[in-house]
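Geometric and topological summary
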Amino acid sequence: MSAPAQADSAATKRQLRTAMFAVLGICFMTGVAWASIPLYRLFCQVTGLNGTTQRGLEAPGAVNKLIRIDFDSNVAPGMKWRFRPEAGSETVKIGARDMAFFTATNTDSKPITGTATFNVTPSQAGKYFTKIQCFCFTQQTLQPGETQRMPVIFFVDPKIMDDPDARDVETITLSYTFYPVDSAKSAG
């Protein structure tokens, strides 16, 4: 093989290798973009970042310390629901299973399906606030004029007392915001 032919062959191999790396890079970045939202959610659940709460099956048992839980409720602009906690706050034993109720009423003349987002503040308490059961885990459909009681069963993990960033927390605010599942149909 002549020297110019070898140079052309080497250049072609470099171009193919560069193209292959570019395609692999595009595939990798597409995969990262696709997985970023579920990975971010998982990260927030594990760390409690931004007040993300935990999910659990049962409470560990009460310890001899109390904490106040404030309840906050909101609906997205244009969503024709009234949504409120039945009690504005309650004082619970850390580690004990507790239940709170929220009430939602559809004030529209048509059914509306909503889903609730949630967080707790202060954010460092998020990884210690655990929900066993919550209306926020599923979509809720209310018929025109229907009112529904929605429970949340929760506990505050006793490990909060060992965390130097969270052990002085005396009040946790649990906040929910309901959004219509299909804004064009539901928020009308």
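In this text, all values refer to a predicted model and were calculated from it rather than measured experimentally.

Attention now moves to the pattern of salt bridges. Tallying each qualifying case throughout the model produces four salt bridges. Here Arg 149 makes a salt bridge to Glu 86, at a shortest N to O gap of 2.7 Å. In this pair, Arg 149 is assigned in strand 9 (residues 147-156) and Glu 86 in the loop between strand 3 (81-85) and strand 4 (89-93), connecting sequence segments 63 residues apart. The residue Asp 108 makes a salt bridge to Lys 110 at a minimum N-O spacing of 4.0 Å.

With 78% of its residues at a pLDDT of at least 70, the protein chain reaches an overall mean of 83. With pLDDT under 50 throughout, residues 183-188 is counted as low confidence; its partners more than four residues away or in other chains account for 14 contacts.

The next subject is the packing of aromatic side chains. The full count for this structure, using the stated rule, is twelve aromatic pairs. Measuring from centroid to centroid gives 4.9 Å for Phe 83 and Phe 178, while their planes differ by 90 degrees, and the two rings are edge-to-face. Highlighted residues: Phe 83 in strand 3 and Phe 178 in strand 10 (residues 171-180), separated in sequence by 95 residues. Among the residues examined, Phe 83 registers a relative accessible area of 5% and is labelled buried. Between Phe 129 and Phe 154 the ring centres are 5.1 Å apart and the planes differ by 15 degrees, which places this aromatic pair in the stacked class. Of this pair, Phe 129 sits in strand 7 (residues 129-134) while Phe 154 sits in strand 9, and the two are 25 residues apart along the sequence. No difference in accessibility class separates Phe 129 from Phe 154, as the two residues are buried. Chaining the aromatic ring pairs together yields one cluster made of Phe 71, Trp 81, Phe 83, Phe 102, Phe 118, Phe 129, Phe 135, Phe 154, Tyr 176 and Phe 178. Note that Lys 131 overlies the ring of Phe 118, its terminal NZ or CZ placed 3.2 Å from the centroid. Directly above the aromatic system of Phe 101 lies the positively charged group of Arg 149, at a separation of 3.8 Å from the ring centroid.

With 32 residues, the main nonpolar core has Ile 69, Phe 135, Val 152, Ile 172 and Tyr 176 as its most contacted residues. Of all the secondary-structure elements, those providing two or more residues to this core are strand 2 (66-75), strand 3, strand 5 (98-106), strand 6 (112-121), strand 7, strand 9 and strand 10.

Thresholds, definitions, all that
- Residues numbered from 1 in each chain as written.
- Predicted model: local features only at pLDDT ≥ 70, side-chain atom pairs only at ≥ 80, totals over all residues.
- Heavy atoms only, no water.
- Salt bridge = Lys/Arg side-chain N within 4 Å of Asp/Glu carboxyl O.
- Helix = DSSP H or I, 4+ residues; strand = E, 2+ residues; numbered from the N terminus.
- pLDDT = per-residue confidence, 0-100.
- Contact = heavy atoms within 4.5 Å.
- Phe/Tyr/Trp six-rings, centres within 6.5 Å; stacked < 30°, edge-to-face > 60°.
- Buried < 20%, exposed > 50% of the residue type's maximum accessible area, 1.4 Å probe, protein only.
- Lys NZ or Arg CZ within 6 Å of the ring centre and 35° of its normal.
- Core = buried A, V, L, I, M, F, W, Y, C linked by side-chain atoms within 4.5 Å.

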